[in-house]
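Observations on the three-dimensional arrangement
For reference, the chains in residue letters:
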Amino acid sequence: MTLTESLISYAFAAGILTLTPGLDTALVLRTAASEGSKKAVLAALGISTGCLVWGAAVALGLGALLAASELAFTVLKWIGAAYLCWLGVQMLLKPRESMSFSAQGKAKKNPLFGSWFIKGLFGNVLNPKVGVFYVSFLPQFVATGYSVPPYIFGLAAMHAVIGTLWSLTMIAATRPLSRWLQRPRVVKTLDRLTGTVFIAFAVRLATTKR
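None of these values were measured; they are calculated from a predicted model. (Residues numbered from 1 in each chain as written. Predicted model: local features only at pLDDT ≥ 70, side-chain atom pairs only at ≥ 80, totals over all residues. Heavy atoms only, no water.)

1. Re the packing of helix α3 (residues 37-59) against helix α6 (residues 115-125)
Note the threshold: Where helices are involved, their axes are fitted lines through C-alpha atoms of the stretch in contact, as for all axes, and angles between N-to-C directions lie from 0 to 180°. Elements are defined by DSSP. Helices are runs of H or I of four residues or more, strands are runs of E of two residues or more, and each kind is numbered from the N terminus. In a left-handed crossing the near helix is turned counterclockwise from the far helix by less than a right angle, and in a right-handed crossing that turn is clockwise. A contact between two residues is defined here by any heavy atoms of the two lying within 4.5 Å. Each residue gets one of three labels, nonpolar for Ala, Val, Leu, Ile, Met, Phe, Trp, Tyr, Cys and Pro, charged for Asp, Glu, Lys and Arg, and polar for the others, Gly among them.
Put simply, α3 and α6 touch, their axes get as near as 7 Å, and they point 35° apart. Handedness of the α3/α6 crossing: right-handed. Contacts between α3 and α6 involve K39, L42, A43, L45, G46, I47, T49, G50, C51, V53 and W54 from the former and W116, F117, G120, L121, N124 and V125 from the latter. Here the residues of the contact of α3 with α6 sort into eleven nonpolar, five polar and one charged.

Here it is in structure tokens:
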């Protein structure tokens, strides 16, 4: 496979994967709708950073260990499921009723390490399906004549960029609806819907097999 063929085919496959609705989509949309674009961007950056973490792990061979070890997969799977379930239960039991978009940047002095960046990061890193997918998916697109580890990490970075661009598109789409999305009933409903989605993904992750 030539470099051009590799990049074009991978960009298409990664684009389809990114456009498929999943946990990342739910997290970004919910955050953008109820907490504003700035925190949604942080969540998106956390998700993209998680892709880079998995890309580095696969490039270093740790992804292969996860794919081969039933114990490692099971432990990480249950940690990830528990984390998603905890997020979901929090949203169901304590949904927000209001959110000030204008004050969204004043809560933390260093927003990069705010809660939504961490939630996006952990939601991705604690999902072993991402690692197993990367270890089985990325090597197929390595161009002939190139070193495998850095090329695999480059593909993961490409996926992170595509995912970030899509997240920014979704975030921008919520801005015209910001006034409607700030209504207490809407914010509370979005929290509960997202919490339900998170719990559903937790159950799906807990029952998944390699």
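Back to the text.
2. Looking at the packing of aromatic side chains
Quick note on the threshold: Only Phe, Tyr and Trp rings are paired, with Trp represented by its six-membered ring, and only when their centres lie within 6.5 Å; those with planes under 30 degrees apart are stacked, over 60 edge-to-face, the remainder tilted. Whether a residue is buried, partly exposed or exposed follows from its accessible area with a 1.4 Å probe, protein chains only, as a fraction of its type maximum: under 20%, in between, or over 50%, in that order.
The final tally for this structure, using the stated rule, is two aromatic pairs. Ring geometry for Y10 versus F141: centroids 5.4 Å apart, planes at 70°, classification edge-to-face. Placement of the pair is Y10 in helix α1 (residues 3-19) and F141 in the loop between α7 (128-137) and α8 (148-174), with a sequence separation of 131 residues. Residue Y10 is classed as buried on the basis of its relative accessible area of 1%. Seen in terms of ring centroids, Y146 and Y151 are 5.6 Å apart; in terms of plane orientation they differ by 55°. Their pairing is tilted.

3. What to know about helix α5 (residues 70-93)
The test is simple: Here, expected helix span is obtained from the residue count minus one, scaled by 1.5 Å.
Over its 24 residues, α5 extends 34 Å from the first C-alpha to the last, a length consistent with the 34 Å expected when each residue adds 1.5 Å. The complete set of buried residues in α5 reads F73, L76, K77, G80, A81, Y83, L84, L87, G88 and M91.

4. Structural notes on the UniProt feature "transmembrane region" (unreviewed entry) in the chain
Rule in force here: UniProt positions are given in the numbering used here, feature names are shortened, and annotations may be inferred rather than shown by experiment.
Under the UniProt annotation, the feature "transmembrane region" (unreviewed entry) is placed at residues 6-29, 41-65, 71-93 and 148-168. Secondary structure over residues 148-168 splits into 100% helix and 0% strand, and the C-alpha atoms at its two ends are 30 Å apart.

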